[in-house]
Amino acid sequence: MRCWYWQHSGVLLLPSDVDIVVDESGKPYVAARMLAELGPPPRISLSHVEGLTIAVAGPPEYSIGIDMQMTGRMKTADFIQSALNLQEREKVEFLAGDK
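Residues numbered from 1 in each chain as written. Predicted model: local features only at pLDDT ≥ 70, side-chain atom pairs only at ≥ 80, totals over all residues. Heavy atoms only, no water.

**Q** I tried to follow the overall build of the protein on my own but got confused; where do I start?
**A** Secondary structure summary: the protein contains 3 helices and 4 strands in total. Dimensions along the principal axes, computed over C-alpha positions, put the protein at roughly 50 × 25 × 20 Å. Going through the 99 residues of the protein one by one, you find that 16% of them count as buried. Considering only intrachain contacts with a sequence separation of at least 6, the fraction spanning at least 24 residues in the protein is 20%. Approximately 7800 Å² of the protein is accessible, and the part contributed by carbon and sulfur atoms is 56%. (Helix = DSSP H or I, 4+ residues; strand = E, 2+ residues; numbered from the N terminus. Buried < 20%, exposed > 50% of the residue type's maximum accessible area, 1.4 Å probe, protein only. Contact = heavy atoms within 4.5 Å. Areas by Shrake-Rupley, 256 points an atom, 1.4 Å probe, with all protein chains shown as cover.)

**Q** Quick question: what am I supposed to make of the pairing of strand 4 (residues 52-58) here?
**A** Pairing between strand 3 (residues 43-49) and strand 4: 7 bridges, direction antiparallel. Across the sheet, His48 pairs through a bridge with Thr53, a residue of strand 4. Here strand 3 hands over to strand 4 after 2 residues, with Glu50 in that stretch at a positive phi of 50°. (Pairing = 2+ DSSP bridges.)

**Q** I'm lost on unusual backbone geometry in this one. Help?
**A** We note that Glu50 has phi near 50°; this positive angle belongs to a residue other than glycine. If you trace the backbone, Glu50 turns up in the loop between strand 3 and strand 4. Of the residues examined, Glu50 reaches a relative accessible area of 61% and is grouped as exposed.

Note that all results are geometric; they support no functional claim without further evidence.
This is the structure:
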């Protein structure tokens, strides 16, 4: 979050300047009342599994999401079918054909 604010507003924040909280459905968001003069806060998404965590921040006007899964929990073909749209699956199939 601090990096996002630095890149988009030129303001260097302390860790205590930014609060990440969750709404009633468990979705995280930046509670930035003290930072209102910097503009709307970024959208964020977090994922965690087996002690690892990944996060992404993006412009407030876009919906974003990130997910992390450990390999071996599901078959690759099942993952590709459930996680990727048709265009993404075609790209994966094209790349796999090059090997």
